[in-house]
Each structure stands twice: as structure tokens, then as C-alpha cells.
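# Remarks on the overall topology
Read off the chains here:
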Amino acid sequence: MSDPQDMPSLSEAQMEIMNIVWDQPETTLGEIWRELHDKRKIARNTIQTLLSRLVDKGWLEYRAEGKVFHYRAAVPRQPTMKHVVNRLVETAFNGSAEGLVMALLDGQELKADEAERIRALIDNAQRSKP
């Protein structure tokens, strides 16, 4: 599998498709189209084009079974999300994780369990730093 920082960036639509692919071991154009079409109108041809570009960029792999192509992620979700968030923090928040968290929480109401998980993540991050 490839390192996300060495990969071409993903558009919003491509990221949406990758999130569907990451949720399953393999998926097809038809399955992706049905899931996206439930959210908004989108043509199958548009999805096919996006899938082809994701294959060309190295984000997806596929196998053919007759006329059906089965797609799977060539790059894992977690390292990709970490890279995307790190880029966002560096570019939009000038390297400030605090700025990102403040923007995320501004005006948001947190459930008690969410707040507890966030506190635990902060505690773990502080302990792991020298």
C-alpha cells in the first residue's frame, strides 16, 4: 500500500467515493452509485469517471469479474485521514491544533461521552510527548 503523502490529492467527490470504498472490502460502480444517489442526484457516468481517475492516481485497485469491476482501496483510511488533517492544520490554522479544535467546537454541543473521549485523547497525546 502507498503512503498518502506521496499520493495526488483527492477532490471532495473523490474523498466521498473513497469513504464508501473504505467501508467495505470491495465494492462496485453500481453499489457506489446507489449509495451516492440516495444522498443526491449523480450520474453513473460521473462516478465511473471518478473511479477511473482514482485508479489512475493509485488510490484504488480493481479486479474484473466479467463486465463488473470490483474496487478496493489501495491506500488505507487512517493514514490518509491523518495526512489530510495534518495538511489542514498546517495550511488553514498555521500549524495550530488548538485553532482546529476551537473551530470544530465553536458553537457545537458535545455529548458527555464525546467530551470524555476527547479528554482521553488529549491526555494520551500529552503523555506521549517527551
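Preceding block: the structure.
Residues numbered from 1 in each chain as written. Predicted model: local features only at pLDDT ≥ 70, side-chain atom pairs only at ≥ 80, totals over all residues. Heavy atoms only, no water.

## With respect to unusual backbone geometry
Residue N94 is not a glycine yet carries a positive backbone phi of 50°. Structurally, the position occupied by N94 is in the loop between helix 4 (77-92) and helix 5 (97-105). According to the relative accessible area criterion, N94 is exposed, its value standing at 72%. (Helix = DSSP H or I, 4+ residues; strand = E, 2+ residues; numbered from the N terminus. Buried < 20%, exposed > 50% of the residue type's maximum accessible area, 1.4 Å probe, protein only.)

## Looking at the side chain of T28
As for its position among the elements, T28 is in strand 1 (residues 27-28). Leave out the neighbours within four places in its chain, and T28 touches V68, F69, H70 and Y71. (Contact = heavy atoms within 4.5 Å.)

## Focus on the pairing of strand 2 (residues 60-65)
Looking at chain direction, strand 2 and strand 3 (residues 68-73) are connected through six bridges and run antiparallel. Following the sheet pairing, L60 is matched in strand 3 by A73. Counting the residues that bridge the hairpin from strand 2 to strand 3 gives two residues, and of these G66 lies at a positive phi of roughly 70°. (Pairing = 2+ DSSP bridges.)

## Some remarks on the packing of aromatic side chains
In this description, an aromatic ring pair is defined by two values, namely the gap between the centres and the angle between the planes. Evaluation of the coordinates by the stated rule reveals three aromatic pairs. Measuring from centroid to centroid gives 5.0 Å for Y62 and F69, while their planes differ by 50°, and the two rings are tilted. Relative to Y71, the ring of Y62 has its centre 6.1 Å away and its plane inclined at 50°; by these criteria the two rings are tilted. Overall, Y62 belongs to the partly exposed group, its relative accessible area being 41%. Taken together, the ring pairs in this structure connect Y62, F69 and Y71 into an aromatic cluster. Seen from the ring of W33, R44 lies directly overhead, with NZ or CZ sitting 5.7 Å from the centre. (Phe/Tyr/Trp six-rings, centres within 6.5 Å; stacked < 30°, edge-to-face > 60°. Lys NZ or Arg CZ within 6 Å of the ring centre and 35° of its normal.)

## Some details on the sheet that holds strand 3
Strand order in the open sheet formed by three strands is 1-3-2, with antiparallel pairing between adjacent strands. Taken across any chain shown, the strands that pair with only one partner, and hence form the sheet edges, are strand 1 and strand 2. Sitting on the sheet, helix 1 (residues 12-22) is in contact with strand 1, strand 2 and strand 3, with an inclination near 90° to strand 3. (Axes fitted to C-alpha atoms, helices over the stretch in contact; angles between N-to-C directions.)

## Some details on the pattern of salt bridges
Applying the stated criterion to the full structure yields eight salt bridges. Here D23 makes a salt bridge to R77, at a shortest N to O gap of 2.9 Å. Here D23 is found in the loop between helix 1 and strand 1, whereas its partner R77 is found in helix 4, with 54 residues between them in sequence. For D23, a relative accessible area of 53% translates into the label exposed. R77 gets classed as partly exposed once you look at its relative accessible area, which sits at 27%. In this structure, D113 engages R117 in a salt bridge whose closest nitrogen and oxygen atoms are separated by 3.3 Å. You can see D113 and its partner R117 sitting in helix 6 (residues 112-128), four residues apart, about one turn around the helix. The partly exposed category is assigned to D113, whose relative accessible area is 43%. Where salt bridges share partners, they join E26, E61, R63, E65 and R72 into one cluster. (Salt bridge = Lys/Arg side-chain N within 4 Å of Asp/Glu carboxyl O.)

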